[in-house]
Amino acid sequence: MLHELTICPNVDKQGRDASSAAYMFNDNEKDLDIIATYSDVSGTIRTCRVKMKDLSASWVLENPINVDKVQGSQVQVLKLKDTYQTSTPFQENVEQSTDDQQFQEGEILSHRQTYWSPVKFKRQILRQKRRDLRTAELVRQDKEVNKELQATEAIESLKNMDPVVKGKYSIWRKDFENPNADSTLKLMRDQIIMAKAYANIAFSKKQTVLYNSLLKQVMESLNVIGEANSDADLHPSSLDRAKAMGHALSVAKDELYNCFTVERKLQAMLVTTEDNLESQKKRSAFLIQLAAKTVPKPLHCLSLQLSADYYFHGYYQTKQEPYNEKLKDPSLYHYAIFSDNVLATSVVVNSTVLHANEPEKHVFHIVTDKLNFAAMKMWFLVNSPGNATIQVDNIDDFKWMNSSYCSVLRQLESVRIKDYYFKANHPSTLSDGADHLKYRNPKYLSILNHLRFYLPEVHPKLDKILFLDDDIVVQKDLTPLWDVDLKGMVNGAVETCKESFHRFDKYLNFSNPIIIENFNPNACGWAFGMNIFDLKEWRKRNITAIYHHWQDLNDDRTLWKLGTLPPGLITFYNLTHPLDRKWHVLGLGYDPALNRTEIENAAVIHYNGNYKPWLDLAVSKYQSYWSKYVSSGNYYLQRCNISE
């Protein structure tokens, strides 16, 4: 690397200032002899003679001079720097020349002039950017290496940590020393496990005295623990009890401890515990399903009271109600609700009317079964929701609903379905998992649940209708849904898929070749519960016939389990227009961790799942969204002790 140049005096007097050593002279001018002083790789100071024209154009004079001043025997020292390198190393590492000559720099011009080539200047900027980027990258890598080293050190320190507290056999956990943890309760539970293990070993070795002693210790510890869930719930004598158990375990260890034997015994206990846990989970699932499908006593009372008054006051003798032209006016806002739950239906209607901008333009078409028809009719006779129009129909009055037309009715008459649901010796007991129990809910047998596939037959004069489940609550005006452009689709619904959840492969059996050939397993699912249907397009595409086709193919339940969502996904495949998610928020019947803001901003909230808001199983923090629409001070609710 060049550090200093000694310019010899054989130069033409027509020199000129230049910023680059290579451009100091042109081809027609005499060249300069230059003695270059530099340090090699080993650090040895060396000199060599070069010509000015031999220098690269990237070398620039740091203090250019006028060549005219270089005359006679006078020599001139010039400092050069390489534009491909930073200037700092050269400025800091300039070596003294080994030549004895005295160099003078008094002739250097105080006025420095630098002429840069635009190309060279651009290269210089790009090189600086590359250096900056590389520096930043090295700093980042260095930080990552430091983090990895810290993590490695932490892991090694954990490996070297001794979890056993010396001198305390059964008090082996570090959190025993932490007064803020429930260490005593944890300790006593661990002691009970070890005591049971040693008791079993003592029994197998016929050490009766030790066996009885350990069992006694276990019983006493269990009595002290009781129903405690934290140290605060424990009796003050619990620590003494833990110490006594510790002494008993120490004795058992001295007499019985064998690593292999204890390990096998703990493994056996673990397997037994897992089996018990699985059994309890199945029992819990069965009881939840039972509670979910059982009509609560207050609701049963409500239905009976309403039915009794309906017949007592002679409303059943009233001839058919006068024709109301609103029932078939396509310019109004029509709703379809199919339910056998009077209270739930009233909440849907009340919440919808309360938030409607023009209640008089809203028409509710309610269809129920024969058993609940009188109660539903009576409720809306005495609890008319404002100016809205209410129509209550009995599904048994739809004569076209028969087994020769409806696939579901025909299947329900089969011996196989009857055996599956109604025979006590059929494998529909606790031995089945929760998934099997789920599909034995009677709602899947109710034709009310499948009536949604016959909307054009139920409402032949309407063009659009909004379908609502009875476990929803309306929180905003829904009339803008009738203005949504479905883009030629039949069904408008909110999609429910997030990442891999709630896609078609969750609902349909894609091991069946019929399903594989016709549907995409990654297709997005959508929600039944709030759906806007274009009935004109429905009739044009003959959607009900598509439903019948697939329902007949699933006679043996190999394409999907029972229910209405799987056949709905199939029937409206590629015929569903996705609505904005704010229209319909689901999960209030099973997910206790929903976002409160999303719930409160939603137009409709849906209690899909087992934890319905009218059951004791309901998620308590979601109940208020539903209960505030229960008619306050209602005579029938008070008689049946139904509170808001």
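The structure presented is a predicted model; accordingly, all values stated were derived computationally and were not measured.

K.L.:
Any details on the state of the cysteines? Residues and values, ideally.
P.N.:
One way to say it: the disulfide is the covalent bond shared by the sulfur atoms of two cysteines. Going through the model one piece at a time under the given rule, you end up with two disulfides. The residue that forms a disulfide with Cys301 is Cys640, at a sulfur-sulfur distance of 2.2 Å. Negative torsions about the S-S bond denote left-handed disulfides, and the value of about -80° found for Cys301 with Cys640 makes this one left-handed. Placement of Cys301 in helix H7 (residues 297–312) and of Cys640 in the segment after helix H22 (635–639) is noted, with a sequence separation of 339 residues between them. The exposure class assigned to Cys301 is partly exposed, which follows from its relative accessible area of 23%. Across the chain, the way the bonded cysteines pair up, counted in sequence order, is 1-4, 2-3.

K.L.:
Give a description of the environment of Ile395 that names residues and reports values.
P.N.:
Here Ile395 shows up in the loop between strand E8 (389–394) and helix H10 (407–412). A sequence separation of 56 residues divides Ile395 from Leu451, and the C-alpha atoms of the two residues are 8.9 Å apart. Setting aside residues up to four positions removed in sequence, Ile395 forms contacts with Val367, Thr368, Asp369, Met401, Ile447, Leu448 and Leu451.

K.L.:
Can you tell me about unusual backbone geometry, naming the residues and giving the values?
P.N.:
A positive phi angle, close to 60°, is found at Arg557, a residue other than glycine. Inspection of the secondary structure puts Arg557 in the loop between helix H18 (543–553) and helix H19 (565–571). Even without glycine at this site, Asn574 takes up a positive phi of about 65°. Mapped onto the fold, Asn574 is located in the loop between H19 and strand E13 (576–578).

K.L.:
Account for the sheet that holds strand E6 (residues 333–338), naming residues and giving values.
P.N.:
Taken in spatial order, the seven strands make up an open sheet running E8-E7-E6-E9-E12-E11-E13, and their pairing is mixed. The outermost strands of the open sheet, each flanked by one partner alone, are E8 and E13. Across this sheet, the average inter-strand angle for adjacent strands is 25°, counted without regard to direction. Here strand E9 (residues 464–468) runs beside strand E12 (residues 530–534); their pairing, made up of five bridges, is antiparallel.

K.L.:
Can you lay out the packing of aromatic side chains for me, pointing to particular residues and giving the numbers?
P.N.:
The final tally for this structure, using the stated rule, is 26 aromatic pairs. Each ring, one from Tyr405 and one from Tyr454, has its centre 5.9 Å from the other, and the planes form 55°; the classification is tilted. Of this pair, Tyr405 sits in the loop between E8 and H10 while Tyr454 sits in the loop between helix H13 (447–450) and helix H14 (455–458), and the two are 49 residues apart along the sequence. By relative accessible area, Tyr405 is classed as partly exposed at 31%. Overall, Tyr454 belongs to the buried group, its relative accessible area being 0%. In this structure, Arg452 is placed above the aromatic ring of Phe528, and the distance from its NZ or CZ to the ring centre is 4.8 Å.

K.L.:
How would you explain the sheet that holds strand E15 (residues 604–606) if you had to name every residue and give the values?
P.N.:
Across the sheet, which stays open at both edges, the three strands sit in the order E10-E15-E14 with mixed pairing between neighbours. Both outer strands of the open sheet, strand E10 (472–474) and strand E14 (584–585), are each paired with one neighbouring strand and no more. Examined bridge by bridge, E10 and E15 share three bridges and lie antiparallel to one another. For Val474, the partnering residue across the bridge sits in E15 and is Val604.

K.L.:
So what about the pattern of salt bridges? Which residues, and what values?
P.N.:
Evaluation of the coordinates by the stated rule reveals eight salt bridges. In this structure, Arg140 and Glu137 form a salt bridge, with 2.6 Å as the shortest nitrogen-oxygen distance. You can see Arg140 and its partner Glu137 sitting in helix H2 (residues 118–160), three residues apart, about one turn around the helix. Residue classification places Glu137 among the partly exposed residues on the basis of a relative accessible area of 27%. Linking Arg541 and Glu537 is a salt bridge whose minimum nitrogen-to-oxygen distance equals 3.1 Å. Taken together, the residues span about one helical turn, with Arg541 and Glu537 both in helix H17 (residues 535–541) at a distance of four residues. Judged by relative accessible area, Arg541 falls into the partly exposed class, the value being 39%. Residue class for Glu537 comes out buried when judged on its relative accessible area of 15%.

K.L.:
Please provide a residue-by-residue account of helix H21 (residues 620–627), values included.
P.N.:
All of the buried residues in H21 are Tyr622, Tyr625, Trp626 and Ser627. On the buried face of H21, the contacting elements are helix H8 (342–355), E10, helix H20 (596–601) and E15.

K.L.:
Talk me through the confidence of the model for the chain; I want residue IDs and the actual numbers.
P.N.:
Confidence in the prediction for the chain averages 78 pLDDT; 72% of positions are at 70 or higher. Under a pLDDT of 50 for its full length, residues 6–29 has, in the predicted model, 85 contacts with residues more than four places off or in other chains. In this model, residues 162–177 is a region of pLDDT below 50 whose contacts with residues beyond four sequence positions or in other chains number 32 contacts.

Parameters at a glance
Residues numbered from 1 in each chain as written. Predicted model: local features only at pLDDT ≥ 70, side-chain atom pairs only at ≥ 80, totals over all residues. Heavy atoms only, no water. Disulfide = S-S within 2.5 Å. Helix = DSSP H or I, 4+ residues; strand = E, 2+ residues; numbered from the N terminus. Buried < 20%, exposed > 50% of the residue type's maximum accessible area, 1.4 Å probe, protein only. Contact = heavy atoms within 4.5 Å. Pairing = 2+ DSSP bridges. Axes fitted to C-alpha atoms, helices over the stretch in contact; angles between N-to-C directions. Phe/Tyr/Trp six-rings, centres within 6.5 Å; stacked < 30°, edge-to-face > 60°. Lys NZ or Arg CZ within 6 Å of the ring centre and 35° of its normal. Salt bridge = Lys/Arg side-chain N within 4 Å of Asp/Glu carboxyl O. pLDDT = per-residue confidence, 0-100.

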